[in-house]
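Residue-level structure breakdown
One letter stands for each residue in the lines below.
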Amino acid sequence: MTKEDEKAKSQAQQDYEKGQEHLKNKDLAQAAASFHNAFLGFEQDADENGMANAADKLGDICLEKKDFSKALAYFDKAYVICKKHEDRFSLFALERKMARVYDGAGDYPKAIAAYVDIVDEFNALRDPRGAVETLESLAEVYLKQADKAQAADCYRTIASIHKNYRHNNYYATYMEKATAIEA
């Protein structure tokens, strides 16, 4: 990148890109500082897209550190902006992250509600892989709550999805999981 290219970018954008580099290098503290500076710069520039992206990255860092309340606060900031701009795909990505936050924080009723909505969204998108991955997460939450019947139902639903695609080995595996949980 030339110096002219660097000058064309705002300081906030440069800070955001530094944060991305720090994330690649697993330097979470430096990444958080860079994304924080980027957020403030984007806010000063009234760049809502930049603010949403920086808040999302800060939420990711907090989630990685298991600081669930801060992660949720950052994801909420990004969510409000994306909702204002009717960015459904970003909202969906944030909803998935927020479900993980609720799960990690032990707020299982919110996690369950979020995961159920996510499964519905994947079904509407005709994305069986996403539905299966989410159903697995949902089953784990049910198990944390000792709701074996609901967890087994999730595994049976996963098995059914695999059966529709003639994935017989996966079908059998998930049916066994369902049966074992109920035993």
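That block above? That's the structure.
Since we're looking at a predicted model, the values are computed, not measured.

1. Here we look at the packing of helix H4 (residues 48-64) against helix H6 (residues 88-105)
- Put simply, H4 and H6 touch, their axes get as near as 11 Å, and they point 25 degrees apart. By the angle between their axes, H4 is roughly parallel relative to H6. Of the two elements, H4 crosses H6, and the hand of that crossing is left-handed. Touching Asp 56, Asp 60 and Leu 63 of H4 are Leu 94, Lys 97, Arg 100 and Val 101, all from H6.
- Residues that form the contact of H4 with H6 fall into these classes: three nonpolar, no polar and four charged.

2. Structural notes on the environment of Gly 19
- Mapped onto the fold, Gly 19 is located in helix H2 (residues 11-24).
- As a C-alpha pair, Gly 19 and Met 51 span 32 residues in sequence and 13 Å in three-dimensional space.
- Discounting chain neighbours no more than four positions away, the residues touching Gly 19 are Ala 31, Ser 34 and Phe 35.

3. What to know about the side chain of Asp 103
- As for its placement among the helices and strands, Asp 103 is situated in helix H6.
- For Asp 103, a relative accessible area of 11% translates into the label buried.

4. Topic: the environment of Asp 103
- In the structure, Asp 103 is positioned 74 residues away from Lys 177 in sequence and 21 Å away in space, judged by C-alpha atoms.
- Once residues lying within four places of it in the same chain are set aside, the contact partners of Asp 103 are Tyr 108, Ala 111, Tyr 115, Val 141 and Lys 144.

5. Digging into the environment of Leu 94
- Position of Leu 94 relative to the elements: it lies in helix H6.
- Considering only alpha carbons, one finds Leu 94 and Tyr 79, 15 residues apart in sequence, at a separation of 6.7 Å.

6. Overview of unusual backbone geometry
- Although it is not a glycine, Arg 126 sits at a positive phi angle of roughly 55 degrees.
- Relative to the elements of secondary structure, Arg 126 occurs in the loop between helix H7 (108-124) and helix H8 (128-144).
- Even without being a glycine, Ala 146 presents a positive backbone phi close to 65 degrees.
- With a relative accessible area of 62%, Ala 146 lands in the exposed category.

What counts, and at which threshold
For every chain, the first residue of its written sequence is number 1, and the numbers climb from 1 along that sequence. In keeping with the model being predicted, local features are shown solely for residues with a pLDDT of at least 70 and side-chain atom pairs are shown and tallied solely at 80 or more, while totals for entire chains, interfaces and linings include all residues. Side-chain measures were taken over the full set of non-hydrogen atoms in the model, leaving aside hydrogen atoms and water. Every angle, taken between N-to-C directions, lies between 0 and 180 degrees, and every axis is a line fitted to C-alpha atoms, over only the stretch in contact when it is a helix. Only DSSP runs of H or I reaching four residues or more are called helices, and only runs of E reaching two or more are called strands; each is numbered from the N terminus. The cut-offs work like this: below 35 degrees is roughly parallel, past 145 is roughly antiparallel, 65 to 115 is roughly perpendicular, and the gaps in between are oblique. With the far helix as reference, a near helix turned anticlockwise by less than a right angle produces a left-handed crossing, and one turned clockwise produces a right-handed crossing. We call two residues in contact when some of their heavy atoms are within 4.5 Å. Asp, Glu, Lys and Arg are counted as charged, while Ala, Val, Leu, Ile, Met, Phe, Trp, Tyr, Cys and Pro are counted as nonpolar; the rest, among them Gly, fall into the polar class. Only protein chains enter the accessibility calculation, which uses a 1.4 Å probe. A residue is then buried if its area is under 20% of the maximum for its type, exposed if over 50%, and partly exposed in between.

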